[in-house]
Amino acid sequence: MKKWIILGATGSIGTQTLDIVRKYPDEYNVIAFSLGRDLEKNIKLIEEFSPLAVCVRTEETKEILKEKYQNLIVYYGDEGLVNLACFQKEDKEVLLVVSVVGFIGMIPTAKAIEIGRDIALANKETLVVAGEIIMSLAKKHKVNIFPIDSEHSAIHQCLLGENKEDIKKIIITASGGSFRNLSREQLENVSISDALNHPNWKMGAKITIDSSTMMNKGFEVIEAHHLFDVPYEKITTIIHKESIIHSMVEFKDSSIKAQLGNADMHIPILYALSGGKRVEYNNELDLYRAKLSFNEMDFERYPCLKMAYAAAQKGNIFPTILNVSNDAAVNLFLEGKIKYLEIEKIIEEALEEAIEVEELTLDIILSTGRDIQEKIYKKYGRGL
């Protein structure tokens, strides 16, 4: 039986991961997970899965759960996430699923790698802001990092059995998001509910907004660069509205490999968490009805993607600035404090003011991230 620890069990990826445990109870066991703010929901998950340890947001919630479950180990806060990620560190068979959103996943991931624990990664920020550090740690400690994102899962599968030297181009597909049929002028007054209405995927609010601005693809380009050690000039994006091809790889002989499947995150999650093993799962793609269309990516229509490429090429602290300013801007939009098109304006201003740091470390990334977000929130009247 495979054993998992899930950071972010109540989020979109975490919830779908638990679906897989329900479907295959004799094969997979969740020994620990971190939870959200909904106490009633948290209690239901603890009752259902009987974990050995959990991590919650606050000390108050910790005390409530400790009183209710005498034998349950309960951690809380950022330090608690690190403890959870390294729970039963002597057990080398445990896989850490990192599905929390934001910087909060970076340090626990690094600490888990340092104890030799394999990672199934759905937390974009970890590789976007600290890709070189994380991949260097993984190499040093001989740790596998299995990508959960459908795009990176597809690339991984396309590269199996191939030589890196033969790669001509990695092609990351993009649905185009909620506003793919709207012009720049039509985006002026779009609503939050409009932005959250993704045509193909069921995802969390943050990633759905990122999909609509195409920042999500920018992050995926940076992730692909680190995961597969491929230069940015060999990574491109393309609009594929149907979300049937999840990504492609073109080789030097001009042949292209593609991975196809229905828009169902359970499939790449199951593949990643099984260590690349094929597990039976029924959601067959109907090839007789499937349509495949492709459109060139327009950087003028999607300036966030253009900024992501520029920040990635600069490296150093710039991907961090890109990430944290985007996080802050998206939060402000979801709270109704700014208009949709102001998201890209906030990111652009932050990048223009950014200054390269002498040495990039996890501590520098965290402190810089906090400073940038505090500055943005202060300007737009929101506390951290």
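Being a predicted model, the structure only gives us computed values, none of them experimental.

Novice: Would you explain the pattern of salt bridges in this entry?
Specialist: Pairs may arise between side chains of opposite charge once their charged atoms sit close together. On inspection of all chains with the given rule, the structure shows 22 salt bridges. Across the pair aspartate 91 and lysine 3 runs a salt bridge, and its minimum N-O distance is 2.4 Å. Linking aspartate 91 in the loop between helix H4 (77-85) and strand S5 (94-98) with lysine 3 in strand S1 (residues 2-7), this pair joins segments that are 88 residues apart in sequence. Assessed through its relative accessible area of 16%, aspartate 91 is described here as buried. For lysine 3, a relative accessible area of 23% gives the class partly exposed.

Novice: What is the right way to look at helix H13 (residues 318-334) in this model?
Specialist: Side chains that are three or four residues apart share a direction in an α-helix, a result of its 3.6 residues per turn. For H13, spanning 17 residues, the distance from its first C-alpha to its last is 24 Å, which sits close to the expected 24 Å at 1.5 Å a residue. The element H13 is extensively covered by neighbouring structure, given that 15 of its 17 residues are classed as buried. Glycine 336, located one to two residues past H13, shows a positive phi value of around 75°.

Novice: How should the environment of glutamate 90 be read in this particular structure?
Specialist: As for its placement among the helices and strands, glutamate 90 is situated in the loop between H4 and S5. Glutamate 90 sits 36 residues away from valine 54 along the chain, and the two C-alpha atoms are 18 Å apart.

Novice: Explanation requested: the layout of surface pockets in the structure shown.
Specialist: One simple way to see leftover space: roll a probe sized like a water molecule over the atoms. A volume near 460 Å³ is recorded for the second largest pocket. In this structure, the second largest pocket is lined by 22 residues; those nearest its centre are Gln259, Leu260, Ile267, Tyr281 and Asn283. Elements with a contribution of two residues or more to the lining of the second largest pocket: helix H7 (150-159), strand S11 (256-260) and helix H11 (266-273). Residues of the lining of the second largest pocket, tallied by class, amount to nine nonpolar, nine polar and four charged.

Novice: Any chance you could explain the sheet that holds S1 here in plain terms?
Specialist: Pairing between the strands of a sheet comes from backbone hydrogen bonds, and it takes one of two forms, parallel or antiparallel. Here seven strands make up an open sheet; going across it, the order is S4-S3-S2-S1-S5-S6-S7 and the pairing parallel. Every other strand in the sheet has two partners, leaving strand S4 (73-76) and strand S7 (145-147) as the edge strands with one partner each. Between one strand axis and the next, the sheet turns by 25° as a mean value, whatever way the strands run. Two elements, S1 and S5, share five bridges in a ladder whose sense is parallel. Residue isoleucine 5 lies in a different strand from S5, and its bridge partner there is leucine 96. Across the sheet, helix H3 (residues 59-68) touches strand S3 (53-56) and S4, and the angle it forms with S4 is around 175°.

Novice: Is there a simple way to think about unusual backbone geometry in this case?
Specialist: Among all residues except glycine, the phi angle is most often negative; among peptide bonds, the trans geometry is most common. For serine 50, which is not glycine, the phi dihedral falls at a positive 50°. Residue placement: serine 50 occurs in the loop between helix H2 (39-49) and S3. Judged by relative accessible area, which is 55%, serine 50 ranks as exposed. Residue glutamine 88 is not a glycine yet carries a positive backbone phi of 50°. Among the structural elements, glutamine 88 can be located in the loop between H4 and S5. Since its relative accessible area comes to 25%, glutamine 88 is described here as partly exposed.

Novice: Is there a simple way to think about empty space enclosed by the protein in this case?
Specialist: Per the counting criterion, the structure on display carries two cavities of 30 Å³ or more. Put simply, the largest cavity is a space of about 40 Å³. If you trace the largest cavity, you find it lined by Arg184, Leu187, Ser212, Thr213, Arg301, Tyr302, Pro303, Cys304, Tyr340, Leu341 and Glu344. When residues of the lining of the largest cavity are traced back to their parent elements, those giving at least two are helix H9 (205-213) and helix H12 (303-314). Taken together, the residues of the lining of the largest cavity sort by class into six nonpolar, two polar and three charged. The space that makes up the second largest cavity amounts to roughly 30 Å³. If you go around the second largest cavity, the residues you meet are Leu121, Leu127, Pro147, Ile148, Asp149, His152, Glu223 and Leu227.

The rules behind these values
Residues numbered from 1 in each chain as written. Predicted model: local features only at pLDDT ≥ 70, side-chain atom pairs only at ≥ 80, totals over all residues. Heavy atoms only, no water. Salt bridge = Lys/Arg side-chain N within 4 Å of Asp/Glu carboxyl O. Helix = DSSP H or I, 4+ residues; strand = E, 2+ residues; numbered from the N terminus. Buried < 20%, exposed > 50% of the residue type's maximum accessible area, 1.4 Å probe, protein only. Expected span 1.5 Å × (residues − 1). 1 Å grid on protein atoms, 1.4 Å probe; cavity = no way out; pocket = protein on both sides within 12 Å on 5 of 7 lines; lining within 4 Å. Points joined across faces, edges and corners; volume = space filled by probe spheres on them. Nonpolar A, V, L, I, M, F, W, Y, C, P; charged D, E, K, R; others polar. Pairing = 2+ DSSP bridges. Axes fitted to C-alpha atoms, helices over the stretch in contact; angles between N-to-C directions. Contact = heavy atoms within 4.5 Å.

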